[in-house]
Amino acid sequence: MTAPLLALDDLVVSLRSNPALRAVDGIDVEVAPGEAVALVGESGCGKSVTAYSLLGLLAPGLAARGTVTLDGAAHDLADGDRLRPLRGRDVAMIFQDPLTALNPVMPVGRQLEDVLRVHTALHRRGRRSRVLELLERVGIPAPDRVAGSYPFELSGGMRQRVLIAMALSCRPKLLVADEPTTALDTTVQAQIMDLLRDLVHDEDMAMLFISHDLGLVAEFCERVYVMYAGRVVETGTVRRVLERPDHPYTRALVDCLATMGQGADRLATVPGSVPGTDAMPAGCRFAPRCPYAVDACRTTDPRLAPLPDGGQAACLRIGELPDARSGLTGQAEGTR
Ligand SMILES: Nc1ncnc2c1ncn2[C@@H]1O[C@H](COP(=O)(O)OP(=O)(O)OP(=O)(O)O)[C@@H](O)[C@H]1O
């Protein structure tokens, strides 16, 4: 791999009230220039906390440690304030709910101009025309009218486009997108995903895409990190992970996707739930929900290890599990 654009090294995020409790527990993530990489997992696995850490935007009750290296320059993640200059300039983020990220009492054009004033040397007229150019770039049909609108006057899809324009305004090298389409209906969701795909391609921007939706990840990303209970449990190319998921948790997620593909009328879910930071099981954190778990899984904490066909997974029973393809529909062995 070429030198990564982004490397998160041994990120740990703990609760200030009790540092023994960890929302993220020692993960490494790399993104190459121009690459679209996903963090995937159910709600509560630590995806958002990971993204916020690298932008120095963690909630006050949480503390990060570890290193982020961006374009060759290393930064200590413990010092969120020092990460601030990276925001907007090198890394931009778009959020789940665009309404909370926009100022409700200022027209969106002015908000975009403000970002340009802080981060560029453009003069007033230059900023004005750049705002219109950016709004046009993100597919807003009447940029002049939209620039003068307040956020509440725009639809959810339009607001997300405005936020994407804001993220693009300083030509960041990396776009972090945290569930950017969750709040939108399906048609608009597809339009926003198409827009993001085009931008990543045309602007040669890298993307860290955060989602619980393996289907979106499959369409959109090249590599994936599957997170469970604050850890990365599997990583590899999206293609390999979807076709031959190795970790039982990834298999369960892929299974849900396959069930939905077969026209299930309910959203398929993995039975059980992700443990909270104060209830992490000993041994493998997925063992209580894992159909393949044996006694050793409940006492030994598995570490990521290379897989024969590329990527890595953290499971004691890799190699003993049934073929992943049959694992999609097959039953677990009677090994409990
Ligand atoms: N401010 C906070 N204080 C204490 N614990 C937190 C805080 N924010 C998140 N957590 C905990 O950290 C863990 C990871 O949460 P996180 O929001 O990163 O998960 P996620 O995978 O992004 O889920 P979602 O898709 O719902 O955002 C969870 O156990 C959560 O309860």
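Residues numbered from 1 in each chain as written. Predicted model: local features only at pLDDT ≥ 70, side-chain atom pairs only at ≥ 80, totals over all residues. Heavy atoms only, no water.

Participant: What should I look at first to understand the overall build of the protein in this one?
Facilitator: For the protein, the helix and strand inventory stands at twelve helices and twelve strands. What you see for the protein is a C-alpha radius of gyration of 21 Å, in line with the 20 Å of a compact globule of 336 residues. If one aligns the C-alpha atoms of the protein with their principal axes, the spans along those axes are about 70 × 45 × 40 Å. By residue count, 48% of the 336 residues in the protein fall in the buried class. Here the contacts in the protein between residues at least 6 apart in sequence split such that 65% fall between residues at least 24 apart. Entry remark: accessible area of the protein is about 15700 Å², with carbon and sulfur atoms responsible for 51%. (Helix = DSSP H or I, 4+ residues; strand = E, 2+ residues; numbered from the N terminus. Rg over C-alpha atoms; globule rule 2.2 N^0.38 Å. Buried < 20%, exposed > 50% of the residue type's maximum accessible area, 1.4 Å probe, protein only. Contact = heavy atoms within 4.5 Å. Areas by Shrake-Rupley, 256 points an atom, 1.4 Å probe, with all protein chains shown as cover.)

Participant: When you look at unusual backbone geometry in this model, what are you seeing that I'm missing?
Facilitator: Note on backbone geometry: most residues besides glycine have negative phi, and most peptide bonds are trans. Unlike most non-glycine residues, Asp 10 shows phi in positive territory, near 50°. Along the polypeptide, Asp 10 turns up in strand S1 (residues 6-15). A positive phi angle, near 55°, is found at Asp 204, a position not held by glycine. Within the element layout of this structure, Asp 204 appears in the loop between helix H8 (186-203) and strand S8 (206-211).

Participant: What am I meant to see in the UniProt feature "domain: ABC transporter" (unreviewed entry) in the protein here?
Facilitator: With numbering matched to this structure, UniProt assigns "domain: ABC transporter" (unreviewed entry) to residues 6-254. Taken end to end, residues 6-254 has its terminal C-alpha atoms 27 Å apart, with 39% of it in helix and 28% in strand. (UniProt positions renumbered as here; feature names shortened; annotations may be inferred.)

Participant: I keep staring at the site of the ligand and nothing clicks. Help me out?
Facilitator: By nearness alone, 14 residues border the ligand, and Ser 43, Gly 44, Lys 47, Ser 48 and Val 49 come closest of all. Separating an oxygen atom of the ligand from a backbone N or O atom of Gly 46 is a distance of 3.1 Å. Starting from 630 Å² of accessible surface for the ligand in isolation, the protein chains cover 66%. Broken down by element, the residue count for the shell around the ligand peaks at three residues, all from helix H1 (residues 47-54). Its residues assigned to classes, the shell around the ligand shows six nonpolar, five polar and three charged. (Near = heavy atom within 4 Å. Polar contact = N/O pair within 3.5 Å; in protein donor to acceptor, adjacent residues only side chain to side chain. Nonpolar A, V, L, I, M, F, W, Y, C, P; charged D, E, K, R; others polar.)

Participant: Please clarify how the pairing of strand S10 (residues 231-237) should be interpreted in this entry.
Facilitator: With six of seven residues buried, S10 is to be regarded as a mostly interior element. Pairing analysis gives six bridges linking strand S9 (residues 223-228) to S10, with the strands arranged antiparallel. Looking across to S10, one finds that Val 226 is bridged to Glu 234. Connecting S9 to the antiparallel partner S10 that follows it, the hairpin turn spans two residues, and Ala 229 within it adopts a positive phi of roughly 45°. Two strands pair when backbone bridges link them, and S10 and strand S12 (residues 312-313) are joined in this way by two bridges, in the antiparallel orientation. Pairing of Thr 235 across the sheet is with Gln 312, part of S12. (Pairing = 2+ DSSP bridges.)

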